[in-house]
Amino acid sequence: VKSYKKHLSAVKNVLVKSKLDDTILTIPTLSSRIDHINILLNMLQVQQNELDTLNELSQKIVERADQYNRERVQNENTDANRQWSGNSQLLENLRENLVQLQQQWEQLESVLQELEVKSNLLLEKDRGLDLVVHSRDQTEAKKHIVENLLEDKSALGQLNAKANALAKTLIKALREQKLLPQSLEEKLTHLNDIDTRLSDNLAKKERQLREILGEVQQFLDQIGELAQRIESVRKQVTQINPFDERLYQTERALGAAKEAAENCSIAREDLRRRVNEKYLPLQKFVPTDLKDGLELLDRLLGGIQSTMEDYQGAYKKAKTIRTDYFTVYDRIKTWIENAELTVSNHSIDPSELKSKLVLLVNEFGDIRLAHEQLLLNGNEIMRHCKENSDRTATKANMDQITHELEKTIALIEQKNHTVDQILGNWANFMRLYQSVVDWSIKIRALLERKLQLNTLHEAQLACQNYTSAVSSLANVSQNLSEMNHEFDQINEVCSTAYLKGKLHEAETLKIDIETVLFERNLFLHETTEEWQQYERKIEGVKDWIKQSYQALQSSELKSKPLRDQLRILEQMLADISAQKIKVNMSLEKLQVHFHSDIIYTDNPNIVQSGRAIVADLDKLNQDVFQTTQNLDQALAQIEGCQVEMQSIRQRIVHEEQQLRNILSPLHQTGESEKHEQECRERIRGLQSQMNQLNDKIKLLLRRGAPDP
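Residues numbered from 1 in each chain as written. Predicted model: local features only at pLDDT ≥ 70, side-chain atom pairs only at ≥ 80, totals over all residues. Heavy atoms only, no water.

A closer look at the packing of helix H9 (residues 320-344) against helix H12 (residues 388-448)
At a closest axis distance of 10 Å, the pairing of H9 and H12 adopts a crossing angle of 30°. Between H9 and H12, the angle falls in the class roughly parallel. For the element pair H9 and H12, the recorded crossing hand is left-handed. Broken down by class, the residue content of the contact of H9 with H12 amounts to 13 nonpolar, four polar and six charged. (Axes fitted to C-alpha atoms, helices over the stretch in contact; angles between N-to-C directions. Helix = DSSP H or I, 4+ residues; strand = E, 2+ residues; numbered from the N terminus. Parallel < 35°, antiparallel > 145°, perpendicular 65-115°, else oblique. Left-handed = near helix turned anticlockwise from the far one by under 90°. Nonpolar A, V, L, I, M, F, W, Y, C, P; charged D, E, K, R; others polar.)

Brief notes about the side chain of Thr 394
By the secondary structure assignment, Thr 394 is in helix H12. By relative accessible area, which is 6% here, Thr 394 ends up buried. For Thr 394, the contacting residues outside a window of four places in its chain are Tyr 325, Gly 378, Ile 381 and Met 382. (Buried < 20%, exposed > 50% of the residue type's maximum accessible area, 1.4 Å probe, protein only. Contact = heavy atoms within 4.5 Å.)

Quick notes on the packing of aromatic side chains
Per the stated rule, a full pass over the model turns up two aromatic pairs. The interplanar angle of 65° and the centroid separation of 6.2 Å between the aromatic rings of Phe 219 and Tyr 279 together place this pair among those described as edge-to-face. Residue Phe 219 is located in helix H6 (residues 182-238), and its partner Tyr 279 is located in helix H7 (residues 247-283); the two are separated by 60 residues in the primary sequence. Here Phe 219 falls in the buried class, since its relative accessible area comes to 8%. You can call Tyr 279 buried: its relative accessible area is 4%. (Phe/Tyr/Trp six-rings, centres within 6.5 Å; stacked < 30°, edge-to-face > 60°.)

With respect to helix H3 (residues 48-64)
Taking 1.5 Å per residue as the helical rise, H3 with its 17 residues ought to reach 24 Å, and the 25 Å between its terminal C-alpha atoms agrees with that figure. Within H3, burial applies to Glu 50, Leu 51, Leu 54, Leu 57, Ser 58, Ile 61 and Val 62. For H3, the angular spread of the buried residues around the axis is 140°, confining them to a single face. Turned more than 90 degrees away from the buried face of H3 sit Glu 56, Lys 60, Glu 63 and Arg 64, all of them exposed. (Expected span 1.5 Å × (residues − 1). Arc of directions from axis to C-beta.)

What to know about the UniProt feature "coiled-coil region" (unreviewed entry) in the chain
Within the UniProt annotation, "coiled-coil region" (unreviewed entry) is assigned to residues 37-118, 202-236, 617-651 and 676-703. Summarising residues 202-236: 100% helix, 0% strand, and an end-to-end C-alpha distance of 49 Å. (UniProt positions renumbered as here; feature names shortened; annotations may be inferred.)

Quick word on the pattern of salt bridges
Within this structure, the stated rule accounts for 19 salt bridges. One salt bridge in this structure joins Arg 72 and Glu 76, with 3.3 Å as the shortest N-O distance. Of this pair, Arg 72 and Glu 76 both sit in helix H4 (residues 67-126), four residues apart, which is roughly one turn of the helix. Relative accessible area serves as the criterion here: at 32%, Arg 72 is assigned to the partly exposed category. (Salt bridge = Lys/Arg side-chain N within 4 Å of Asp/Glu carboxyl O.)

Focus: the nonpolar core
By size, the foremost hydrophobic cluster in this structure holds 55 residues, and its most contacted members are Ile 332, Trp 335, Ile 412, Met 483 and Leu 517. Residue assignment for this core shows that the elements contributing at least two residues are H9, helix H10 (350-362), helix H11 (364-384), H12, helix H13 (456-491) and helix H14 (497-553). Broken down by element, this core gets its largest block of residues, 17 residues, from H12. Taken together, domain 2 (132-163 + 176-329) and domain 3 (345-507) each give at least three residues to this core, which thus spans both. Apart from the residues within four sequence positions on either side, Ile 412 is in contact with Trp 335, Ala 339, Val 343, Leu 357, Leu 360, Val 361 and Phe 364. One finds Met 572, Leu 587, Leu 631 and Ile 652 within the second-largest nonpolar core, a separate group that totals 33 residues. (Core = buried A, V, L, I, M, F, W, Y, C linked by side-chain atoms within 4.5 Å. Domains from an automatic or database assignment.)

As for the packing of H9 against H10
Remark: H9 packs on H10, axes separated minimally by 10 Å, with the N-to-C direction vectors making an angle of 155°. One way to sum up the angle between H9 and H10 is to call them roughly antiparallel. The two elements H9 and H10 meet at a crossing, and its hand is left-handed. Contact residues: Trp 335, Ala 339, Thr 342 and Val 343 in H9; Leu 353, Lys 356, Leu 357 and Leu 360 in H10. Grouping the amino acids of the contact of H9 with H10 by side-chain chemistry returns six nonpolar, one polar and one charged.

Concerning the environment of Thr 288
Turning to its location among the elements, Thr 288 is positioned in helix H8 (residues 288-309). Looking at Thr 288, the relative accessible area reads 47%, which means it is partly exposed. Sequence separation between Thr 288 and Val 133 is 155 residues, and the spatial gap between their C-alpha atoms is 9.8 Å. Leave out the neighbours within four places in its chain, and Thr 288 touches His 134 and Ser 135.

Put into structure tokens, the structure is as follows:
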């Protein structure tokens, strides 16, 4: 044991010396820290024999020690081995991490050197580019050069990203080790500045060239688009028939063509001005591509002016009937479209839809008069048409508008009837919603009341109330189902945005209350069940105490041998302890429920009844214990009597041997008769003592208690 304690002390001393602490963070360099850790690891390896010897000694002690010392030695040995292994593993892991950090640092230095050389080369190439615009092709060539530089920069960016990733990990690790990577950070910052400046310069120059090309191309596209517009105006003018019967269309076509030609001229001048403003202040000349395009526009506009003058003199006839016809046609068409939008609008509630439908019904008379006027004008137009296509188109328009008008009127009347039904669905939905709200108010009032339960009967009544509340969820679910049905019916016709909120509110009320209600109901039932078990336990223990007293005082117990009585009473003491534990556990479980935020009680008898039964158990325990003490003392007295009786028997045997010697003829003397009489008196005295001791043993066995 002394050797064990000596080696344990040595192992603990090694563990203390090899344990890492904050002093390692004061070592300024990675290599120095690695050397320090190697020294600690080498010390553990050198002192490994101390740990091995300690393990051997602890094994020998464990094989011979008692339970307490065996467990103590095992715990000490296990703790020492665990700390030894932990220190070794921690040092090896830290050494591996520091070596990896050193390798990463060397790798990062190599990457940074390569990055610096390539970045400076790209900066030199970037400085040799200008942004003067001679033509689109020349600018496109400069853009390709910049794109190639950007590709080189992209490859360099990958290298820079790699360097930053390595540096981020490395710097973070170095800071965690309380090392100062200031030089590394400064070099990385310098290279990042170069990378950023290079990226910004190339991106800016590429963006500027792209913008320049875009501007040149935009101007070229505008020149080409304007040339197409001028050509389109020329074709539009040549396709106009000044003598067409649709005079309004002809007038509009001529006006549109004239306006388009003027717009083209204005656009040409605006384009010339913008081109000059863009390039002349910067480089004193216009790119050749744009200069050629502007000259082409001048030639095209000169040709269209003469063509327009030839088509201005033939338009002065036929307006009145056609104008009236199209005006009335547009009015009826607009009314039909508005009516269809109203009928098909699902974004308004039924009452608003009903109001709009009533307005449409009131407009039936005016729209039918307008339709009659349309038919009169159409027939007049058909009588004066010279072209069959115009006559056929007019007839088709009148038939179509008549069909659409009748169809729309019928649709409005049908929709009006449907909305009347939907209003009933709406009212039923709100009635169901109100019933759910009323239910929620009633149940919330129940849930917000903290239950005061002073008796088991009150707890059972509260369980019935909560069970009834849980049962009411079925009616609420049915109401929500009907609300969903009414919601679907209404949603097919009009907006249900308002109802959707009410439906969600009702469902949320039901879900929120349902969750709390189920939780409260379960908790209350658990409380009631615990209470019932507690009451049953109290009654059961009372009966058990009564039966225990009866058994303690029964003749059946007293008729058994004293040792059997003692065994039975010792078992009864164990049973009393078990009954006390059960009563206390049952009382504690019940009190947990009364200490919640849901249930409380003002009835002290609940706890007092448990404590009273525990007091009864304590009294029973005291009585049984006293009886066992009496039995122990009685057994001790009986054993004493038996020892004394054994001694008396030996003395009787000795006296009887003396008596036989006296009665022998070989030993007869003058005093033999006297000696015989004395010997017989001693034997009778000893037998009398034997009888007294035997009676005492019988008394002790019968009474089961010691003599005072």
